[in-house]
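Remarks on the overall topology
The residues making up each chain are set out below.
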Amino acid sequence: MSQSTFSLPYKHPFTPDPKYKKSVAYFSMEFAVDQALKIYSGGLGFLAGSHMRSVYALKQNLIGIGMLWKHGYYDQGRKKDGSMQPEFREKMYSFLTDTNIRFQIPILEKQVWVAAYYLDPEVFTSAPLFLLTTDTDGNDEDTRAICYSLYDADVTLKVAQCMVLGIGGAKLLEQLDYEPEVYHFNEAHAVSAIFSLYKKHKTVAEVKKRVVFTTHTPEEAGNEKHEIHFLEKLGFFSGLDIETVRKISGVKENIFNHSLAALSLSRKANGVSKLHGEVSRDMWKAHPKIAPIDHITNAQNNTYWVDKELEEARINKDLDKIAARKKELKAVLFKTVADQCGKIFDPNVLTIVWARRFAAYKRPDMLAWDVNRFTKMMQNAQQPVQVIWAGKPYPKDEGAVNTFNKLFYMSHHFPNMAVLTGYELALSKLLKDGSDVWLNNPVVTREASGTSGMTAAMNASLNLSTYDGWICEFSKDGENSFLLPVAKGEDINKQDCDNLLEKLEREVIPTYYNNQAKWRQMVLNSMNDVNVEFNSDRMAREYYEKLY
């Protein structure tokens with residue numbers, strides 16, 4: 001751990017820009033600020049990381065509160081036959097500062113010690129981050145294990161993790177003698193903090209005055225729920241009796257809905273794209289007393305993600321330079337393909353990438369569902385393609401792990417198909433830089449926002465997507481991207497699969513090989529259209545203007 005000094009009471013290291021002087025504590029289960037700090041799993045972390053970088057750039061008066069995961073999410077290794085296997089290894093970070101703050105919170109009728117570490121904003125040019133862990137002296141193995149792995153599969157441990165973030169985060173602020181004007185919960189993981197705030201301030205009005213909430217869940221079933229007495233026994237409600245909890249949280253039954261509680265005790269809330277805002281308002285319309293739900297569309301940090309030479313060429317409208325640089329970046333990515341898969345890819349060949357978390361609704365393998373058409377496309381020597389898959393399934397999601405491995409085994413039949421492991425920030429950057437087409441095919445309305453296509457577009461890759469999430473605000477079919485029509489009726493999977501292959505066969509692949517002038521213009525349009533609206537500086541500004 002870093003030996004740099006840390007003193008109390010804590011003072012924010014920035015002199016904030018007057019537009020952003022209101023003090024905010026931003027609670028998130030994961031942050032992806034740099035490849036070296038492995039405390040994230042996927043989209044939620046990528047979003048929070050970009051947000052924290054924009055906080056630094058804009059000099060906003062915001063601090064992040066998160067968790068220091070001993071094993072990170074997991075390392076995506078390979079078994080002897082090359083299929084994936086999750087590996088859990090301890091991570092060490094000499095760039096974090098031990099604040100020497102230690103305090104106890106009650107979890108499962110035990111007093112659990114929590115330690116706080118600090119990421120100085122100058123380390124990765126981010127907001128200042130405080131990271132909490134129970135892996136500290138005074139705790140037994142069971143309570144140390146709370147902070148071993150992000151999103152533990154054990155229900156009790158997972159709730160305990162949320163309590164460390166929420167109750168522990170609120171207690172940390174007291175220890176720091178730092179009273180923010182706004183508590184911002186990025187998803188409902190930290191909702192337990194609300195009950196300790198209620199205990200402190202005594203009224204719902206006083207809590208609401210301080211709390212805002214961002215929901216990322218596009219369907220009711222996806223909201224975290226637990227039996228209320230189970231949570232009470234864990235200590236989730238900071239000693240409040242069940243009747244008080246019901247009264248203030250809007251929860252009537254014995255099942256406690258974390259998102260509903262967050263919405264009931266916030267003054268404002270937001271969805272993460274225009275469409276998601278509409279879906280969220282509709283989803284919660286049976287609860288008239290909740291916070292009003294606006295939308296602030298997710299974005300990614302331009303400064304961190306954009307290749308400098310591509311950006312210079314974009315500004316100069318230099319189509320030849322963009323195309324030449326793209327081939328150089330493809331060659332860099334293809335070294336990783338060769339290293340992991342023993343396959344030599346060609347920078348002159350159209351390269352399609354599907355890379356993000358493996359989950360059923362994202363339909364990672366849809367491109368290969370129709371094996372005959374997929375094989376025909378992969379074996380077309382006149383207009384060849386190369387396809388790369390990457391992404392981490394949740395380690396206990398057997399269906400998603402099987403999908404990953406099925407694609408890996410399938411790749412043995414095609415020298416132009418690769419399945420990569422280790423999808424973290426660094427590989428993600430290589431894939432965005434080295435793809436010509438960024439494939440995104442979730443079931444429509446299931447993707448609250450999605451952000452991977454933004455950073456692909458920033459780096460001269462064209463989105464090929466279903467009409468969902470952020471794409472609805474960005475995409476102009478045939479001008480800056482390729483859009484699939486919205487499937488209707490019984491078998492939307494078959495329709496989407498057919499439409500995807502049709503789009504590739506009739507439009508995407510022929511345009512790349514027969515009409516490079518159009519392709520290059522589309523790439524420039526895409527880079528221009530993503531540049532401002534989907535840069536996280538815009539998003540970080542909107543959080544101050546619309547939510548805080």
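Just above sits the structure.
Here we summarise the structure given alongside this text.

1. What about the overall build of the chain?
Scanning the chain from N- to C-terminus turns up 21 helices and 19 strands. The C-alpha radius of gyration computed for the chain amounts to 23 Å, which stays within 12% of the reference 24 Å derived for 548 residues, consistent with globular compactness. In terms of overall dimensions, the chain has a C-alpha envelope of 70 × 50 × 50 Å along the principal axes. Counting only residues that meet the buried cut, the chain has 62% of its 548 residues in that class. Taking as baseline every contact in the chain between residues at least 6 positions apart, the subset at least 24 positions apart corresponds to 73%. Within the structure as shown, the chain displays about 21,000 Å² of accessible surface, and the carbon and sulfur contribution to it stands at 51%. Charge-centre separation for the chain: the mean point of 67 positive side chains lies 2 Å from the mean point of 68 negative side chains.

2. A word on helix H13 (residues 319-341)
Between its first and last C-alpha, H13 extends 32 Å over 23 residues, near the 33 Å set by a 1.5 Å rise per residue. All of the buried residues along H13 are Ile322, Ala323, Arg325, Lys326, Leu329, Lys330, Leu333, Phe334, Thr336 and Val337. Directly beyond the C-terminal end of H13, a positive phi value near 65 degrees is found at Gly342.

3. Comments concerning empty space enclosed by the protein
Throughout the structure, instances matching the rule amount to three cavities of 30 Å³ or more. Each pocket or cavity is described by its volume, and for the largest cavity that value is around 50 Å³. Considering the residues around the largest cavity, the lining is formed by Lys38, Tyr40, His71, Gly72, Tyr73, Tyr74, Asp75, Lys91, Lys392 and Glu424. Residues belonging to the lining of the largest cavity are distributed by class as follows: three nonpolar, two polar and five charged. In this structure, the second largest cavity occupies an estimated 40 Å³ of space. Along the walls of the second largest cavity sit Ala32, Phe46, Gly49, Ser50, Arg53, Gln300, Tyr304, Trp305 and Leu425, which together make up its complete lining.

4. Here's the deal with the sheet that holds strand S2 (residues 62-67)
Here we have nine strands laid out as an open sheet, ordered S5-S6-S7-S2-S1-S8-S9-S12-S13, and mixed in their pairing. The open sheet has two edge strands with one neighbour each: strand S5 (97-107) and strand S13 (293-295). On average, each strand axis in the sheet is tilted by 25 degrees relative to the strand beside it, whichever way the strands run. Alignment of strand S1 (residues 24-27) against S2, held across four bridges, turns out to be parallel. Paired with Ala25 across the bridge in S2 is Ile63. Contacts from helix H4 (residues 155-176) reach S1, S2, S5, strand S6 (110-119), strand S7 (129-133) and strand S8 (182-186), with the element oriented near 120 degrees to S5.

5. Notes on the pairing of strand S9 (residues 211-214)
Because side chains alternate across S9, one face comprises the buried residues Val211 and Phe213, and the other comprises Val212 and Thr214, equally buried. Of the pairings in the sheet, the one linking S8 to S9 comprises four bridges and is parallel in character. Paired with Asn186 across the strands is Thr214, a residue of S9. Taken together, the three bridges between S9 and strand S12 (residues 268-271) define a ladder with parallel strand orientation. Along S12, the bridge assignment pairs Val212 with Lys268.

Cut-off values and rules
Residues numbered from 1 in each chain as written. Predicted model: local features only at pLDDT ≥ 70, side-chain atom pairs only at ≥ 80, totals over all residues. Heavy atoms only, no water. Helix = DSSP H or I, 4+ residues; strand = E, 2+ residues; numbered from the N terminus. Rg over C-alpha atoms; globule rule 2.2 N^0.38 Å. Buried < 20%, exposed > 50% of the residue type's maximum accessible area, 1.4 Å probe, protein only. Contact = heavy atoms within 4.5 Å. Areas by Shrake-Rupley, 256 points an atom, 1.4 Å probe, with all protein chains shown as cover. Lys, Arg positive; Asp, Glu negative; His and termini not counted. Charge placed at Lys NZ, Arg CZ, Asp CG, Glu CD. Expected span 1.5 Å × (residues − 1). 1 Å grid on protein atoms, 1.4 Å probe; cavity = no way out; pocket = protein on both sides within 12 Å on 5 of 7 lines; lining within 4 Å. Points joined across faces, edges and corners; volume = space filled by probe spheres on them. Nonpolar A, V, L, I, M, F, W, Y, C, P; charged D, E, K, R; others polar. Pairing = 2+ DSSP bridges. Axes fitted to C-alpha atoms, helices over the stretch in contact; angles between N-to-C directions.

Purely spatial values, then, with no claim about function.
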